[in-house]
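Spelled out, the chains give:
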Amino acid sequence: MFKIQEIREIIKLVDASSIDEFVYEENGAKVKLKKKGNVTEVVAPKAEVVVAAPAAPVVEAVPAPKAVEAPAAVAPVEKAPVQEDADLHKITSPMVGTFYQAPNPESPAYVKVGDKVGEETIVCIVEAMKLFNEIEAEVKGEIVEILVKDGQLVEYGQPLFLVKAE
């Protein structure tokens, strides 16, 4: 039986590699990944998952009996209502990984709501496959909202921060 996190890790590894096809069988469950242009397929007994892969795959699971576990529900992030403003810039995740607000658990967060940032200000880290990638603000302004929680799994293109551009 495969867990959704195991399937995600396999997809990330296959996507980052030069192989075009990967098959793995365990206890009657089978995962088959094929790269076809921009599409990756995950096949389990009596279920099929098709994932569009822009730059990194996004997983949408279709439950199959005793083959794939449904992902746990993610609690929505508590946030204050922010008025839509043309000056708000979204800092997005450039990859699938785990979001961290600080370089280590003992350190303070890189930024918090109300902080001023520049184009090269590091705002967070996204960890992918044991590599810690520093994410820069890319815009000068003020952090208005942090959209994800520390330690949360983020997807490619997912908004992480809202910045009021100057």
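Residues numbered from 1 in each chain as written. Predicted model: local features only at pLDDT ≥ 70, side-chain atom pairs only at ≥ 80, totals over all residues. Heavy atoms only, no water.

As a further point, take the overall build of the protein chain. Looking only at helices and strands, one finds one helix and 12 strands in the protein chain. From first element to last, N terminus to C terminus, the protein chain shows the α and β order α-β-β-β-β-β-β-β-β-β-β-β-β. Long-range contacts, defined as pairs at least 24 residues apart, comprise 54% of the intrachain contacts of the protein chain with a sequence gap of at least 6. For the protein chain, the exposed surface amounts to about 10100 Å²; the carbon and sulfur share of it is 52%. (Helix = DSSP H or I, 4+ residues; strand = E, 2+ residues; numbered from the N terminus. Contact = heavy atoms within 4.5 Å. Areas by Shrake-Rupley, 256 points an atom, 1.4 Å probe, with all protein chains shown as cover.)

The next subject is the sheet that holds strand β9 (residues 131-136). Taken together, the four strands give an open sheet; going across it, the order is β9-β8-β6-β11, and neighbouring strands pair in antiparallel fashion. The open sheet has two edge strands with one neighbour each: β9 and β11 (153-154). The sheet contact formed by strand β6 (residues 97-100) and β11 spans two bridges and is antiparallel. Bridge pairing in β11 links Thr98 to Leu153. (Pairing = 2+ DSSP bridges.)

Sheet topology places β6 next to strand β8 (residues 122-128); three bridges connect them, and they run antiparallel. Pairing of Phe99 across the sheet is with Val126, part of β8.

Per the stated rule, a full pass over the model turns up two aromatic pairs. With centroids separated by 5.8 Å and ring planes inclined at 55°, the aromatic side chains of Phe99 and Phe161 adopt a geometry described as tilted. With Phe99 in strand β6 and Phe161 in strand β12 (residues 159-165), the pair connects residues that are 62 residues apart, well separated along the chain. We note that Phe99, like Phe161, is buried. Relative to Phe132, the ring of Tyr100 has its centre 6.4 Å away and its plane inclined at 40°; by these criteria the two rings are tilted. Note that Tyr100 is positioned in strand β6 and Phe132 in strand β9, a separation of 32 residues in sequence. (Phe/Tyr/Trp six-rings, centres within 6.5 Å; stacked < 30°, edge-to-face > 60°. Buried < 20%, exposed > 50% of the residue type's maximum accessible area, 1.4 Å probe, protein only.)

Caution is warranted with low-pLDDT regions, since their predicted coordinates should not be read in detail. For the protein chain, per-residue confidence averages 76 on the pLDDT scale, and 67% of positions sit at 70 or higher. For residues 44-71, every residue scores under 50 in pLDDT, and the model assigns this stretch 65 contacts once sequence neighbours within four places are set aside. (pLDDT = per-residue confidence, 0-100.)

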